[in-house]
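Observations on chain architecture
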Amino acid sequence: MTLRPFRLAVLGLSLLIPAALCAVVLFLILYSGPAMIFNGLHFLTQVNWNLGDLYDDPVVVRGIQVPAGANYGILVFVVGTLASSAIAILIAVPLAMGAAIFLAEIIPPRIRPVLSMLVELIAVVPSVVFGLWGIAVLIPFIGSHLSPDGNGYGLLAASIVLALMITPIIASTLLDALMQVPRENRESAFALGATHFEVVGKVMLPMVRPTLIGGIVLALGRALGETMAVLMVSGGGVNILPTSLFSPISTIASFVAGQLDSAEADPTNMSVRALAEIALVLFIITLLVNAAAKLLTSGALHVRKRA
Amino acid sequence: MSASALNAPRSALETRRLITSRIGWVLCGIGLALVIAPLLDIVAVVAWRGLSAFSPHLFTENTTGPNGGLLNAIEGTLLITIFAMVIAVPLGVGAGIHLSEYGKNRLGSAIRFMSDTLTGTPSIILGYFSYIVLIIGFGWGFSLAAAAITIAILIVPYLARITELALQQVPNSMREAAYALGAGDAAVIFKVVLPAASSGVLTGALLALAISVGETAPLIYTAGWSNYGWDGRFTHEPVAYLTYVIWTFIDQPDAKSHALAFAAAFLVMLVVLAINIGVRLTLRRRDHG
């Protein structure tokens, strides 16, 4: 076997990708190590996030220097993340399904590409622009029409913005799958006397269900990690669990993004380490969700081919 | 329809099915409208308020509070994007070459999986990783180098997968012909396969460019913010960027800050949408041509 320098070179380049991923995980673990020891499992179950007294002398707990009175609990952010993503999915799935079905079945093929491109374009609008629109349009609307106390920032605003951002993922996946349903299956259903809508609902949708679920899980992964738009419209709730749709919340991602100043101010660096631990939690959650999406979609392809 | 064509009265069941179907279609149509309407509203609101904030001094003055322009932010976004692309394009295209040409094995699948995992990782995590390693560990401080490297980590896996897809479109007979003429691996790739797939690779690079112009979260912890233009240093010198203006200035109480935020959002959205629409239209023309 001769040495092939070009192949080795591109292999080296491609190995940088796993290397980067491993470096991210490794450094987050190493750096958050002292925070893990200090926080223990309470990290996930406590409501209170308190940086402690940053100007007093640090105290030593379990061999680790921390600001006096510091306590790091992320339950609020975990709940905020799960709640906003779950509501976003609840809003996005029916909208995306309706949009995809209408595009696939009713919209004439001549103008379908234009409309499906519009749907795809939603996915490329930067997160921060969604946030800006949320502040300029959505928040005043919620504040004056829905919210009991006139404040539009909170769980509902975050969920709606998230829903808008993830709808195109679900709609595009479903549209692609619907377009691939074999003609024979549709025509058999029509021949049995089904209405057009029954053909879609009782024949086509069951065939593409695995793909649809894969798309929904993929969208969930995106919603869980979404940062800027949520940071801008969520109201930044800390230390209190959300009680209604209008409660201010923080998600894990938005909280990390908003904590730069306090991280910089901590002389013991313990808050930076605790934030690294949060980032690690978020990484694990999104990794699991994305892996699930991958398994579901790859399985779905096999089912469809056999059908 | 079929029932009336036969001139027979509809049964109650038939009527119910037809009504259900009608309602179903209406709901689906409403769904499509509700999906597309916000996009149109976002474009309209940002374009309207952004354009009404436009003036020549946006491009000639630095951001000094609400009265300034956007010169330093525009310059910073350009610099971050250019240096991120300079780092990421060779790495991403090289990785894509490996995955497409020599990656049909276990190792290739593993790299593909890790690459997709990295793409699915929330960008704030990458930013925080860079903060720990580059800002604190290496002591670079908020800087252009840290920002560009972070964006590069974000777009390399993306470039790799798009390059792989593009190279896969090149027929194997072209590779075999080149090898038969005595070309080596590098010559086959650079003289035959890459030129044949150049438009696909270029598409990927453009989409990656759009991503890096629109990103915010990974820059918060890496670029910092500066009221001044770039002084030529790669480390120990924070840089301004457009998306920072959007998310911080909209929180200021005064209308002038809001106007700057919308002007910045308009510029970012213009670049991102122009690239994405252009790429999609070109692809479609080629598919139909």
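Quick look at the overall build of chain B
Scanning chain B from terminus to terminus reveals 12 helices and 0 strands. Ordering the α and β elements of chain B from the N terminus gives α-α-α-α-α-α-α-α-α-α-α-α. Since a compact globule built from 289 residues should have a radius of gyration of about 19 Å, the 25 Å found for chain B marks it as more spread out than a globular shape. With respect to the principal axes defined by its C-alpha atoms, chain B has extents near 85 × 70 × 35 Å. Sequence separation of 24 or more characterises 75% of the internal contacts of chain B that already satisfy a separation of 6 or more.

Some details on the overall build of chain A
Counting secondary structure elements, chain A contains 12 helices and 4 strands. Across its three principal directions, the C-alpha atoms of chain A cover 80 × 75 × 30 Å. Each of the 307 residues in chain A was classed as buried or not, and the buried ones make up 49%. For chain A, the share of sequence-separated contacts (at least 6 apart) that also reach a separation of at least 24 residues comes to 77%.

Some remarks on the packing of helix α3 (residues 71–102) of chain B against helix α6 (residues 144–168) of chain B
All names here are of chain B. Running from amino to carboxyl end, α3 crosses α6 at an angle of 35 degrees, the nearest separation of the two axes being 6 Å. For the crossing formed where α3 meets α6, the hand is right-handed. Looking at the contact of α3 with α6 residue by residue, the class counts come to 23 nonpolar, 5 polar and 2 charged.

Thoughts on the interface of chain B and chain A
Across the boundary between the two partners, chain B contributes 70 residues, which contact 71 residues of chain A. Ranked by residues supplied to the side of chain B that touches chain A, first place goes to helix α2 (residues 12–52) of chain B with 20 residues.

Considering the confidence of the model for chain A
When pLDDT is averaged along chain A, the result is 89, and 97% of the positions lie at 70 or above. For residues 301–307 of chain A, every residue scores under 50 in pLDDT, and the model assigns this stretch 4 contacts once sequence neighbours within four places are set aside.

Remarks on the environment of Gly120(B)
Mapped onto the secondary structure, Gly120(B) falls in helix α4 (residues 106–120). Separated by 61 residues in sequence, Gly120(B) and Leu181(B) have C-alpha atoms that sit 42 Å apart. With sequence-adjacent residues up to four places away left out, Gly120(B) is seen in contact with Gly221(A), Thr286(A) and Asn290(A).

Observations regarding the environment of Arg112(A)
Residues and elements named next belong to chain A. Turning to its location among the elements, Arg112 is positioned in helix α4 (residues 112–122). For Arg112 and Phe102, which are 10 residues apart along the polypeptide, the C-alpha to C-alpha distance reads 9.9 Å. Residues contacting Arg112, with those up to four places away along its chain left out, are Leu103 and Ile107.

Describing helix α1 (residues 5–39) of chain A
All names here are of chain A. In this model α1 runs 49 Å from its N-terminal to its C-terminal C-alpha over 35 residues, within 8% of the 51 Å that 1.5 Å per residue would give. Taking the largest bend as the criterion, α1 deviates by roughly 50 degrees, centred on Gly33, and proline Pro34 comes between one and four positions later. At the exit of α1 stands Gly40, carrying a positive phi of roughly 60 degrees.

A short note on unusual backbone geometry
Residue and element names in this part refer to chain A. Phi is positive for Asn239, close to 65 degrees, though the residue is something other than glycine. Relative to the assigned elements, Asn239 resides in the loop between α9 (228–233) and α10 (252–258). The exposed category is assigned to Asn239, around which 12 C-beta atoms lie within 10 Å. A positive phi is found at Asn269, a non-glycine position, where the angle reads about 65 degrees. For Asn269, the location among the structural elements is in the loop between α11 (260–265) and α12 (270–306).

Quick word on the environment of Asp176(A)
On the secondary structure map, Asp176(A) appears in helix α6 (residues 155–179). Taking C-alpha positions, Asp176(A) is 8.7 Å from Ala100(A), a pair spaced 76 residues apart along the chain.

What to know about the packing of helix α5 (residues 127–145) of chain A against helix α11 (residues 242–249) of chain B
α11(B) packs onto α5(A) with a crossing angle of 25 degrees between their chain directions and a minimal axis gap of 10 Å. Compared by their axis directions, α5(A) and α11(B) come out roughly parallel. Crossing angle aside, the handedness with which α5(A) passes α11(B) is left-handed. Only Thr243(B), Ile246(B) and Trp247(B) of α11(B) make contact with α5(A), whose side of the interface consists of Val128(A), Gly131(A) and Leu132(A).

Details of the confidence of the model for chain B
Looking at chain B as a whole, the pLDDT averages 91, with 97% of positions reaching at least 70. Here the prediction assigns the complex a pTM of 0.91, and the interface score ipTM is 0.91.

Conventions used here
Residues numbered from 1 in each chain as written. Chains lettered and ligands numbered in written order. Predicted model: local features only at pLDDT ≥ 70, side-chain atom pairs only at ≥ 80, totals over all residues. Helix = DSSP H or I, 4+ residues; strand = E, 2+ residues; numbered from the N terminus. Rg over C-alpha atoms; globule rule 2.2 N^0.38 Å. Contact = placed C-beta atoms within 7 Å. Buried ≥ 20, exposed ≤ 12 C-beta atoms within 10 Å, placed from the backbone. Axes fitted to C-alpha atoms, helices over the stretch in contact; angles between N-to-C directions. Left-handed = near helix turned anticlockwise from the far one by under 90°. Nonpolar A, V, L, I, M, F, W, Y, C, P; charged D, E, K, R; others polar. pLDDT = per-residue confidence, 0-100. Expected span 1.5 Å × (residues − 1). Bend = angle between axes of the 7 residues up to and from the residue. Parallel < 35°, antiparallel > 145°, perpendicular 65-115°, else oblique.

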